[in-house]
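# Structural features, examined
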Amino acid sequence: MAQPGVVVTFSSRCGTTEKFAHAAAVGVVNARALPRLRRVADDGPVPSECGDTLRRMQKEYVQPTEKDIAGAPALIIVPTAGMTPSSTQWQSFIALLDRLAAAGALAGKVGAVIDAGDSQTVASFSSALAARGLELITANGGDAREHGRAVGAAIMRSV
Amino acid sequence: MITIRKSKDRGYTDAGWLRSNATFSFGAYQDPNFMGFRVLRVLNEDRIAPGKGFGPHSHRDMEILTYMVDGRLAHRDSLTGPHVLGRNELQAMTAGDGIVHSEFNASETEPSHSLQIWIDPRAEDLTPSYQQIAFAPEAKRGRLHLLAGPESSNPAPLAVINQDARLYVTEVDPGDRVTHALPEGRHAWIQVVHGTVDVNGTPLQQGDGAAISDEPTVVVSGDGEVLLFDLP
């Protein structure tokens, strides 16, 4: 039996939000599901101290694709604190979700938004996922790993 | 009894940036006759193009060892890092209940050549950990040097793994004869890192492996480098 996958999509330029994404992915593994880490495209100036980290991440990660999202029973979003679904980095991803939602390809999927330091960011992305038909999973105030574990556990219960 | 696994008979993957020979079933290469040997589950010989590598991915419930043959690998994981692994070094990672890591050729100009080894752990849901040891090249010349085992050693640096298995390395020159006692119930796997060696009278080339059971000793001679796994 193939392990059910969870696409963990994050934005990061200096590596801070990447750590939250890794923690969420570890939680997914804890629950015996399979995380797939994806990073959204960059936009805007890069802080000079982040150049090496950004070049590394550009090498190590690919962007999420329709096939990734359509094939996974769950999504975890890890936005940088302060961003919204309208932020330039996330616009392509949200548009991708819109296309999949219109095609009915998000039906039955679960999702979660990881708090990387800003509750307003979590609220705005949670609304965006719910509006596109995803069932939101929360971990009752838990950290990124707990959230990942909760999402993983939710999809493992359904297989 | 010695059963030879010839280098040319291993599974082979060429992804452009990665050329990999799999001694046992791994990924797209699946052969029910080669699913591992005892607790040794994976033994891949990887050649990675400059600057390329495996992006962040996850593992669970596996002891993962990496032995460098040539070049350097850059490693990052959800616990620690970055680390760079080079010749005469061993990396040992306990995936335990979950770890995320990446491995890239640390050089933008030279290929890397490494052996990745997966060993079944003694239990599931262990605490993840990362270890990296280095040893002097002389430590393996003409004798077995213990790289990893189930308990810490004194004084040599040793990677501790969560299984009753030991990994040794030796580099023999013509005239050397290295012997390892194999108590009843223990088994051995030999992997030739480079050169041409003779194991209990059987000639082996670079990339060849051999499963050894019901033999009281393993005797290595010839001209090359060998990994020896002592397995339950």
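A quick note: this is a predicted structure, and the numbers were derived from the prediction, not measured. (Residues numbered from 1 in each chain as written. Chains lettered and ligands numbered in written order. Predicted model: local features only at pLDDT ≥ 70, side-chain atom pairs only at ≥ 80, totals over all residues.)

## Description of the overall build of chain A
Selection rule: A run of H or I in DSSP counts as a helix once it spans at least four residues, and a run of E counts as a strand once it spans at least two, with each numbered from the N terminus. The globule rule used here is 2.2 Å times the number of residues to the 0.38 power, and the radius of gyration it is set against is calculated over C-alpha atoms. Residue burial here comes from a neighbour count, namely the number of other C-beta atoms, placed from the backbone, that lie within 10 Å of the residue's own C-beta, with 20 or more meaning buried, 12 or fewer meaning exposed, and in between meaning partly exposed. Whether two residues are in contact is decided by their C-beta atoms, placed from the backbone, lying within 7 Å.
A tally of helices and strands in chain A yields six helices and five strands. Listed N to C, the secondary structure of chain A is β-α-β-α-α-β-α-β-α-β-α in terms of helices and strands. For a compact globule of 159 residues, the expected C-alpha radius of gyration is about 15 Å, and chain A comes in at 14 Å, within 12% of that figure. Burial analysis of chain A (159 residues in total) assigns 44% to the buried set. Pairs at least 24 apart in sequence give 81% of the contacts found in chain A among residues at least 6 apart.

## Considerations on the interface of chain A and chain B
Defined as follows: Each residue gets one of three labels, nonpolar for Ala, Val, Leu, Ile, Met, Phe, Trp, Tyr, Cys and Pro, charged for Asp, Glu, Lys and Arg, and polar for the others, Gly among them.
Of the residues lining the interface, twelve residues belong to chain A; the matching set on chain B comes to ten residues. Counting residues per element, the ones that place at least two in the side of chain A that touches chain B are helix H1 (16-30) and strand E2 (34-39) of chain A. When residues of the side of chain A that touches chain B are assigned to their parent elements, the largest contribution, six residues, is made by H1 of chain A. Of the residues that constitute the side of chain A that touches chain B, the class distribution is eight nonpolar, two polar and two charged.

## Quick look at the sheet that holds strand E5 (residues 53-59) of chain B
All names here are of chain B. Defined as follows: Between any two strands, at least two bridges found by DSSP are needed for them to pair. To get an axis, fit a line to the C-alpha atoms, keeping to the stretch in contact for a helix; angles then go from 0 to 180 degrees between the N-to-C directions.
Here we have four strands laid out as an open sheet, ordered E5-E10-E7-E8, and antiparallel in their pairing. Across the chains shown, the open sheet's two edge strands, defined by having one partner strand only, are E5 and strand E8 (83-85). Strand-to-strand twist across the sheet, computed as the mean angle between neighbouring axes with direction ignored, equals 25°. Where E5 meets strand E10 (residues 99-105), five bridges bridge the pair, whose relative direction is antiparallel. Directly across from His 59, in E10, lies its bridge partner Ile 99.

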